[in-house]
Amino acid sequence: MIEVKNLHKSFGDSHILKGISTTFEEGKTNMIIGQSGSGKTVFLKCLLGLFEFEEGTISYDGEVFAGLTEDEKRNLRAKMGMVFQGSALFDSMNIVQNVMFPLQMFTKMSKSEMEDRANFVLNRVNLKDAHYKMPSEASGGMQKRVAIARAIVNNPKYLFCDEPNSGLDPKTAIVIDNLIQEITIEYNMTTVINSHDMNSVMEIGEKIVFLKNGIKEWEGSNRNIFKTENESITDFVYSSNLFKRVRKMYLEEIN
Amino acid sequence: MTYLRNIGTYFLMIAEMFRKPTKWSVMKLLIFKDIDDLINNSIGIVAFISFFVGGVVTIQTSLNIDNPLIPKYLVGFATRQSIILEFAPTFMSIIMAGKVGSFITSSIGTMRVTEQIDALEVMGINSLNYLVFPKFIALLTYPFIITIAMVLGILGGMAASVYGGFSTLQDYITGIQYDFIPFQIGYAYIKTIVFAFILATVPSYHGYYMTGGALEVGKASTTSFVWTSVLIIVLNYVLTQMLLT
């Protein structure tokens, strides 16, 4: 579980995060949503320890990040997996080498053990015949799967995803969303996804934190989001006519 | 103020480069890869430039010696001094700032833009040690390149001298042996090692701390070349003043 208390982050005079407090539970797909410029990416980078913040605490299963030494922070980061928006695969390595990389760095496995583990996670993300392709030869969907495989290969406790289905077609996006949710449950990880894809939010958002101008405006689940009266989130989520109709139908159905 | 901050960040980067080392089994592969990319892949261009510049130095020297009282072997002497003292260590380093420096800045800069460096950091890897330290070690073999430049520069001069009819082979060989001071080779290698450190770290700094997108990677490469060249020229002056006077 990740616990955030009163988080403040500024860049110069610009106050980006204004006292955010929330918890992200393990075994659940937690989502951070909000408009562009609302502070989602800054929040995620604070959670990852890539940004230092002025005030507040972030604790990972009771370990307060700010109180750790640099080496302890690096050890904690070794328990984190991250799927970047652009996948961030290493250009100089092929797909299987990318997946084996965390194992090479943090385990004492033999080469054949690492290959077995890499093959296992690549099969888990349904990538079977692309092991020796370079990242530039893989499609966007394949790259995302490889990024997920690399993120989970070392059995992380925390999985972070920044816009995991941006740039993907709707069908592949759903496959990626479902894959993340299945893996989260299977490995009992604390998963935090940064997204503004409403399909993802409705599909897998078991806990949703909505940010507006650096403030936590609302939190709840994908079920609560249909019923909420909070104008900020309804304006954001139901900005398209399609979603407005879906909400109306849902409310009529439950009434 | 910005300059001071950049200088401070550069020295902090160097200190961080030596902390939390990457596993040796991974690091040795990175070092071999960087030796291949930075040193082996530069041998061709270094050999080509050195041979022809050596020839040009010989021709220019010969054409400027029109006094019959000046012995012909001075052509070889002047070529040796120019090549060993300045051309091979200093001007070859400026050429390498363009070739190797741009490669380092653009490859690290692209990793920054595509979040590959963030991926390393998130995994708990000291990205500076992983990316910059192998380049620093690889460039410790840089004197090998400079030795090739020295030998081929002098051979190029010899070829131009003999086949161009500017002096005889015997005169040229006498010239390159004339008044030989072994410390001058040491001076050239001291400069080479200092320039190797600059070639590894300054372009890495510009790549690592760049912000923006693809256009900024190009700008960072240009800035890196300018600053690497400026530092090499300034340090060349300082080292010459310290070591030869």
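On a predicted model such as this, the values are computed, not experimentally measured, just so you know.

Participant: Just checking my understanding: could you explain the overall build of chain A for this structure?
Facilitator: Looking only at helices and strands, chain A has 10 helices and 10 strands in total. Its C-alpha atoms give chain A a radius of gyration of 19 Å, near enough to 18 Å, the size a compact globule of 255 residues would have. Counting only C-alpha atoms, chain A reaches 55 × 40 × 30 Å along its principal axes. Relative to its 255 residues, chain A shows a buried fraction of 42%. Taking contacts inside chain A between residues at least 6 apart in sequence as the whole, the part at least 24 apart equals 64%.

Participant: Looking at this model, I keep getting lost on the overall build of chain B. Mind explaining?
Facilitator: Tallying secondary structure elements over chain B gives 11 helices and zero strands in all. Its helices and strands taken in sequence order, chain B reads α-α-α-α-α-α-α-α-α-α-α from the N to the C terminus. The dimensions of chain B, computed from C-alpha atoms along their principal axes, are 70 × 40 × 35 Å. Taken across its 245 residues, chain B has 43% of its residues classed as buried. If you take every contact in chain B between residues at least 6 apart in sequence, the share linking residues at least 24 apart comes to 88%.

Participant: Can you walk me through the pairing of strand β10 (residues 215-220) of chain A in this structure?
Facilitator: Within a regular beta strand, the side chains point alternately toward one face of the sheet and then the other, so they alternate between its two faces. Relative to β10 of chain A, strand β9 (residues 207-212) of chain A runs antiparallel, the two being bridged by five bridges. For I208 of chain A, the partnering residue across the bridge sits in β10 of chain A and is G220 of chain A.

Participant: Help me understand the UniProt feature "transmembrane region" (unreviewed entry) in chain B, please; the structure alone is not making it clear to me.
Facilitator: The UniProt record marks residues 43-63, 83-104, 136-166, 187-205 and 225-244 of chain B with the feature "transmembrane region" (unreviewed entry), using the residue numbering of this structure. Taken as a whole, residues 136-166 of chain B contains 81% helix and 0% strand, while its terminal C-alpha atoms sit 42 Å from one another.

Participant: I would appreciate a short explanation of the sheet that holds β9 of chain A in the present structure.
Facilitator: Each strand in a sheet pairs with another by means of backbone hydrogen bonds, the pair being arranged parallel or else antiparallel. Residues and elements named next belong to chain A. Ordered by their spatial adjacency, six strands build an open sheet running β6-β7-β8-β3-β9-β10, and the pairing between neighbours is mixed. Single-partner strands in this sheet number two, and they are β6 (80-83) and β10. With strand direction ignored, the average angle separating the axes of adjacent strands in the sheet is 20°. The pairing of strand β3 (residues 29-34) with strand β8 (residues 190-194) spans four bridges and is parallel. Bridge pairing links I32 to N194 in β8. This element, helix α1 (residues 40-47), spans β3, β7 (158-162), β8 and β9 of the sheet and lies at about 150° to β8.

Participant: What am I meant to see in the confidence of the model for chain B here?
Facilitator: Close inspection of predicted coordinates is inappropriate for parts of the model with low pLDDT. Residues and elements named next belong to chain B. Here chain B averages 93 in pLDDT, while 100% of its residues score no lower than 70. Between the elements of chain B, mean pLDDT differs from a low of 90, seen in helix α5 (residues 116-122), to a high of 96, seen in helix α7 (residues 133-138). Across the interface, the model reports ipTM at 0.81; the global pTM reads 0.85.

Participant: Explanation requested: the nonpolar core in the structure shown.
Facilitator: Note on soluble globular proteins: their nonpolar side chains tend to be buried together. Counting residues in hydrophobic clusters, the biggest one holds 125 residues, and the most contacted among them are V99, A149 and F160 of chain A. The element that contributes the greatest number of residues to this core is helix α4 (residues 74-113) of chain B, accounting for 14 residues. Contact partners of F160 of chain A, with chain neighbours within four places excluded, come to L44, L47, L48, M80, M82 and V192 of chain A.

Participant: Sorry if this is basic, but what is going on with the interface of chain A and chain B here?
Facilitator: In many analyses, interface size is given as the accessible surface area lost on bringing the parts together. Every contact between the two is made by 16 residues of chain A and, on the other side, 13 residues of chain B. Among the elements of the structure, α2 (70-77), β6 and α3 (95-106) of chain A are those that each provide at least two residues to the side of chain A that touches chain B. Take the side of chain A that touches chain B: its biggest share by element is four residues, from α2 of chain A. Here the side of chain A that touches chain B is built from residues that sort into 10 nonpolar, three polar and three charged.

Participant: I tried to follow the packing of α4 of chain B against helix α9 (residues 169-177) of chain B on my own but got confused; where do I start?
Facilitator: The angle between the axes and the distance between the axes are what describe a pair of packed helices. All names here are of chain B. With their axes 6 Å apart at the nearest point, α4 and α9 run at an angle of 45° to one another. Relative to α9, α4 is oriented oblique. Two packed elements cross with a definite hand, and for α4 against α9 that hand is right-handed. Each of L74, V75, G76, F77 and R80 in α4 lies in contact with α9, whose residues at this interface are D171, Y172, I173, T174, G175 and I176. Among the residues forming the contact of α4 with α9, the class breakdown is six nonpolar, three polar and two charged.

Participant: How do you make sense of the pairing of β8 of chain A when you look at a structure like this?
Facilitator: All names here are of chain A. Here β8 lies mainly inside the structure; five of its five residues are buried. As judged from the five bridges shared by β7 and β8, these two strands associate in the parallel manner. Directly across from Y158, in β8, lies its bridge partner T190. In this fold, β7 hands off to helix α6 (residues 170-187), which returns the chain to β8; that crossover is right-handed.

Participant: Explain the UniProt feature "domain: ABC transporter" (unreviewed entry) in chain A to me, please; I cannot follow it from the model alone.
Facilitator: Here, the residues flagged by UniProt with the feature "domain: ABC transporter" (unreviewed entry) are residues 2-238 of chain A. A helix fraction of 38% and a strand fraction of 26% characterise residues 2-238 of chain A, whose end C-alpha atoms lie 29 Å from each other.

The rules behind each value
Residues numbered from 1 in each chain as written. Chains lettered and ligands numbered in written order. Predicted model: local features only at pLDDT ≥ 70, side-chain atom pairs only at ≥ 80, totals over all residues. Helix = DSSP H or I, 4+ residues; strand = E, 2+ residues; numbered from the N terminus. Rg over C-alpha atoms; globule rule 2.2 N^0.38 Å. Buried ≥ 20, exposed ≤ 12 C-beta atoms within 10 Å, placed from the backbone. Contact = placed C-beta atoms within 7 Å. Pairing = 2+ DSSP bridges. UniProt positions renumbered as here; feature names shortened; annotations may be inferred. Axes fitted to C-alpha atoms, helices over the stretch in contact; angles between N-to-C directions. pLDDT = per-residue confidence, 0-100. Core = buried A, V, L, I, M, F, W, Y, C linked by C-beta atoms within 7 Å. Nonpolar A, V, L, I, M, F, W, Y, C, P; charged D, E, K, R; others polar. Parallel < 35°, antiparallel > 145°, perpendicular 65-115°, else oblique. Left-handed = near helix turned anticlockwise from the far one by under 90°. Right-handed = clockwise from strand over helix to strand, strands pointing away.

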